[in-house]
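Observations on the model geometry
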Amino acid sequence: MANIRDLKKDINFVLGDIIEAVYVWEYANTDKDTKKSEAIIDEAIETFDGLITRVNDRSAEDKKAHFKAINSDLETKGRALIEKLNKLS
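Note that the structure is predicted; figures quoted are calculated from it, not measured.

About the criteria used
Residues numbered from 1 in each chain as written. Predicted model: local features only at pLDDT ≥ 70, side-chain atom pairs only at ≥ 80, totals over all residues. Heavy atoms only, no water. Helix = DSSP H or I, 4+ residues; strand = E, 2+ residues; numbered from the N terminus. Buried < 20%, exposed > 50% of the residue type's maximum accessible area, 1.4 Å probe, protein only. Lys, Arg positive; Asp, Glu negative; His and termini not counted. Charge placed at Lys NZ, Arg CZ, Asp CG, Glu CD. Core = buried A, V, L, I, M, F, W, Y, C linked by side-chain atoms within 4.5 Å. Contact = heavy atoms within 4.5 Å. Salt bridge = Lys/Arg side-chain N within 4 Å of Asp/Glu carboxyl O. Expected span 1.5 Å × (residues − 1). Polar contact = N/O pair within 3.5 Å; in protein donor to acceptor, adjacent residues only side chain to side chain.

Notes on the overall build of the protein chain
- When you go through the protein chain residue by residue, the secondary structure sums to three helices and zero strands.
- Listing every helix and strand of the protein chain by position from the N terminus yields α-α-α.
- Taking the principal axes of its C-alpha atoms as reference, the protein chain extends roughly 50 × 20 × 15 Å.
- Residues counted as buried form 28% of the 89 residues belonging to the protein chain.
- Counting 15 positive and 18 negative side-chain charges, the protein chain places the averaged centre of each group 5 Å from the other.

What about the environment of Y27?
- Looking at the secondary structure, you find Y27 in helix α1 (residues 4-28).
- On the basis of relative accessible area, Y27 is assigned to the exposed category, the value being 70%.
- In the structure, Y27 is positioned 33 residues away from A60 in sequence and 42 Å away in space, judged by C-alpha atoms.

Some points on the nonpolar core
- Ranked by size, the top nonpolar core spans 19 residues in total, and within it I11 and I70 carry the most contacts.
- Top contributing element to this core by residue count: α1, with seven residues.
- When neighbours within four sequence positions are excluded, I70 is seen to be in contact with L7, I11, L51, R54 and V55.

Comments concerning the pattern of salt bridges
- According to the stated counting rule, one finds three salt bridges in the structure shown.
- The partner of D73 in a salt bridge is R54, with the nearest N and O atoms 2.4 Å apart. With D73 in helix α3 (residues 63-87) and R54 in helix α2 (residues 35-56), this residue pair connects regions lying 19 residues apart in the sequence.
- Relative accessible area serves as the criterion here: at 24%, D73 is assigned to the partly exposed category.
- The class for R54 is partly exposed, based on a relative accessible area of 27%.

A few points about α1
- With 25 residues, α1 should reach 36 Å at 1.5 Å per residue; the first-to-last C-alpha distance of 36 Å fits that figure.
- Here α1 has its buried residues at L7, I11, L15, I18, I19, V22, W25 and E26.
- Where α1 is buried, its residues meet α2 and α3.
- Its side-chain oxygen 3.2 Å from the backbone nitrogen of R5, N3 forms the N-cap of α1.

Structure, rendered in structure tokens:
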């Protein structure tokens, strides 16, 4: 992890790409119900807010472990959201 700014960019890019993919799915599947896809978007936004809050929390004793845990959570939650998106089809 190079620095906090890169971590924030990674969070923004990963979750932004997932939201964009959901919008593409909705556009391509206009005949299907969008309640599940909207739930994925809401979950991505909640994940973004939670991870950014954790990044901005300066009270961690071991900063390297703290940021590594955030990066790991981003990866697992991002994969879970992608799985949910793939199941929409």
